[in-house]
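# Topology and contacts: notes
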Amino acid sequence: MKFRSTAVRSTLTAMVCGCVLLWMTGCKGHKRKATSPPNTTDYAGNVERLDKFSTLTGLRWPNYADDLGNVQKFYNDRDNELAWTRDGKPTNAAMALLQLFQDAAAKGLNPTDYDVDTAGQGRWTPRLTRLAAIAKAKDTSDAAQDAVAQFDVAMTISAMRYFEDLHVGRVNPQALNFDIDTPQKRAAFDVATLLNNQVVDAENVAQVAESVEPVNPMYKATEQALAAYRELAMQQGAAMSAALPPLPSGAKPVGVGGAYAAVPELWARLQLEGDAAADDAAAKGPQSYNAEVAAAVKHYQGRHGLQDDGKLGQATIDSLNVPMSVRVQQLENSLERWRWLPDNYMQPRVMANLPEFMLRTYEADHTLAFKMKVIDGEAKGNHDTPMFVRLMRYVVFRPYWNLPPSIIKKEIVPHLEKSGLGYLAANDYQVYKNDGTVVTDFTVHDIEHLKYNVRQLPGPKNSLGLVKFLFPNSYDVYMHSTPELYLFGLYKRDRSHGCVRLQHADQMALWVLHGDQSDPDAENGWDADKVDLAMTGDMNNRTYNLKTPLPVVIAYFTAMPDEDGTTHFFNDIYGYDKDLEAALAKGRPYERDEVKINPKLVPGETE
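Residues numbered from 1 in each chain as written. Predicted model: local features only at pLDDT ≥ 70, side-chain atom pairs only at ≥ 80, totals over all residues. Heavy atoms only, no water.

### Quick look at the overall build of the protein
- Scanning the protein for helices and strands turns up 20 helices and 16 strands.
- With the C-alpha coordinates of the protein rotated into their principal frame, the extents come out at 115 × 80 × 50 Å.
- Relative to its 607 residues, the protein shows a buried fraction of 49%.
- Pairs at least 24 apart in sequence give 71% of the contacts found in the protein among residues at least 6 apart.
- Total accessible area on the protein stands at roughly 28600 Å², and carbon and sulfur atoms take up 54% of it.
- Here the protein holds 64 positive side-chain charges and 77 negative ones, and the gap between their average locations is 5 Å. (Helix = DSSP H or I, 4+ residues; strand = E, 2+ residues; numbered from the N terminus. Buried < 20%, exposed > 50% of the residue type's maximum accessible area, 1.4 Å probe, protein only. Contact = heavy atoms within 4.5 Å. Areas by Shrake-Rupley, 256 points an atom, 1.4 Å probe, with all protein chains shown as cover. Lys, Arg positive; Asp, Glu negative; His and termini not counted. Charge placed at Lys NZ, Arg CZ, Asp CG, Glu CD.)

And the structure:
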């Protein structure tokens, strides 16, 4: 009996000691989830102490509260094993990550966000040196163990930041009044599992990183353009070229045969981006503003959203004087915005790029269908068209336009006071009661004080044109045709109340409806004649529900590679680039939480 009691006590003691040892080595009473090869748990206690807090001393941005849960999951899933060193030395994957951090600018990211400076390794150099010293001395002191654990956790935090930034972007666009749900996209991105199963001990870390980037040819082209413009910025910085001189006050733009004293400098500037051909070694470049210079200027203007007439005006000179470093920043902004897009909108069927004043449509296989000019919301005032994503669900032919109270007061009443009530009939406006009854006996005072409603009848004078395309959203922004076709001749087309007006709405209607049919070539299906009849016939306000809704992106890219291989730049018409750059300049932690959108547009006041 005595023997048995002793045996029981010994067994219990062994079990307790075993549990203590298991706890000390990171055992959490669950199965290890990480699929990467096991590593040492000798530093489990050190790691566990570090990942209980939301700051890590020594990081460039020590506050990592936004990733604390991910860091804890990462180590919990591997029982607090080390991840980035083996036998006291950094793993190949760790060194590959350091190279990615160092090259982060090539992705439009900031290397300092991952503890790398422009000179090289930055904060990682002393950490690597410390690891080497610990391994060489076989130092097992508490301080040494803490240093090894700190290296590991710092690498984990930096890797998470890098992969998240590549996949979701850094700033929550909702904080900039863009209606794109990156918090949901971020929550769906299991970065802890990605690192554990695909990056730790990976043979090709760069390939894993590339796999989380946006899958879109234009994103990849933007990344390639960034590399080219970073090189141009370095060339321009080394040359320290003077800015092109302005035109004399009040002078007209310079055309062929006109005088501009700095033609050689202008030619050299046009050569920098490839708008002008390189000089023949045996020939001298143009010395006067001839047809060759005008052609190069015209090419440049076409890439920069300017009036492409080949004449050298002050707006063109100002654009030419924009440093290449600014163009680099524009490309970086574009890459950031691409990363915001939800996965199901990464290859949209319809994309309107606001600062470009252009719309692109894509076939189901993602090839370009066509491009057309568009008109955006006015840049001054409260009509900025917001950036958002939605599904196009309806096409409406010959719509009514129900005027909101603000437009009645601000725009209709002044016309009535100037021209009289006849202005309404002359422009196909109709006055009616809430029950739909048409009113014929009314006064300007009635209209001004909103006694009745006002709508514009369907037809060629209707401000919405003959067809509109609805992708339901809280801003009441949609795409539509317009009777003011002359506006498409402008190079700066911010003329709407917030909606996107289409240059060739009939082409859009045919493409949308023809492609929405189960048999597009059916005899009774949608064709050009049927679209024309729907737009010009006598059936009003006809709505067609799309069988397959189309993903629509209202985008804001001030730098975009075109389909012809050239890179285009546009003015920051709404100041959205400025807002993004200010948010990024604050550094980590960037805004990530769900933010209520507060757009300038008032629903119902768009057109």
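That covers the picture; the talk isn't over yet.
### Some remarks on the layout of surface pockets
- Volume-wise, the largest pocket comes out at about 720 Å³.
- Lining the largest pocket we find 35 residues, and of these His 304, Gly 305, Leu 306, Phe 569 and Phe 570 sit closest to its centre.
- Elements with a minimum of two residues in the lining of the largest pocket: α13 (314-320), α14 (324-340), β5 (368-377), β16 (567-569) and α20 (576-585).
- Among the elements that take part in the lining of the largest pocket, α14 stands out by supplying 4 residues, more than any other. (1 Å grid on protein atoms, 1.4 Å probe; cavity = no way out; pocket = protein on both sides within 12 Å on 5 of 7 lines; lining within 4 Å. Points joined across faces, edges and corners; volume = space filled by probe spheres on them.)

### A word on helix α8 (residues 191-199)
- Among the residues of α8, Val 191, Ala 192, Leu 194, Leu 195, Asn 196 and Val 199 are the ones counted as buried.
- Downstream of α8 by one or two residues, Asp 201 has phi in the positive range, about 70 degrees.

### Structural notes on the sheet that holds strand β8 (residues 429-432)
- Taking strand neighbours across the sheet as the criterion, the 3 strands line up as β7-β9-β8 in an open arrangement whose pairing is antiparallel. Each having just a single partner strand, β7 (401-402) and β8 make up the two edges of the open sheet. (Pairing = 2+ DSSP bridges.)

### A look at the pairing of strand β3 (residues 350-353)
- Residues Val 350 and Ala 352 of β3 are buried on one face, and the alternating residues Met 351 and Asn 353, pointing to the opposite face, are buried as well.
- As defined by bridge partners, β3 adjoins strand β4 (residues 358-362) across 4 bridges and the pair is classed as antiparallel. In the strand pairing of β4, Ala 352 is matched with Leu 359.
- Taking the residues that link successive antiparallel strands as the turn, the β3-β4 hairpin has 4 residues, and the phi of Phe 357 there is positive, at about 60 degrees.
- Sheet analysis places β3 next to strand β14 (residues 542-555), joined by 4 bridges and oriented parallel. Its bridge partner lying in β14, Ala 352 is registered against Ile 554.

### Topic: the packing of helix α11 (residues 263-272) against helix α12 (residues 291-303)
- Put simply, α11 and α12 touch, their axes get as near as 10 Å, and they point 45 degrees apart. Accordingly, the angle class assigned to the pair α11 and α12 is oblique. Judged by the sense of rotation from one axis to the other, the crossing of α11 with α12 is left-handed. Taken together, the residues of α12 that come into contact with α11 (itself represented by Val 263, Leu 266, Trp 267, Arg 269 and Leu 270) are Glu 292, Val 293, Ala 296, Val 297 and Tyr 300.
- Among the residues forming the contact of α11 with α12, the class breakdown is 8 nonpolar, no polar and 2 charged. (Axes fitted to C-alpha atoms, helices over the stretch in contact; angles between N-to-C directions. Parallel < 35°, antiparallel > 145°, perpendicular 65-115°, else oblique. Left-handed = near helix turned anticlockwise from the far one by under 90°. Nonpolar A, V, L, I, M, F, W, Y, C, P; charged D, E, K, R; others polar.)

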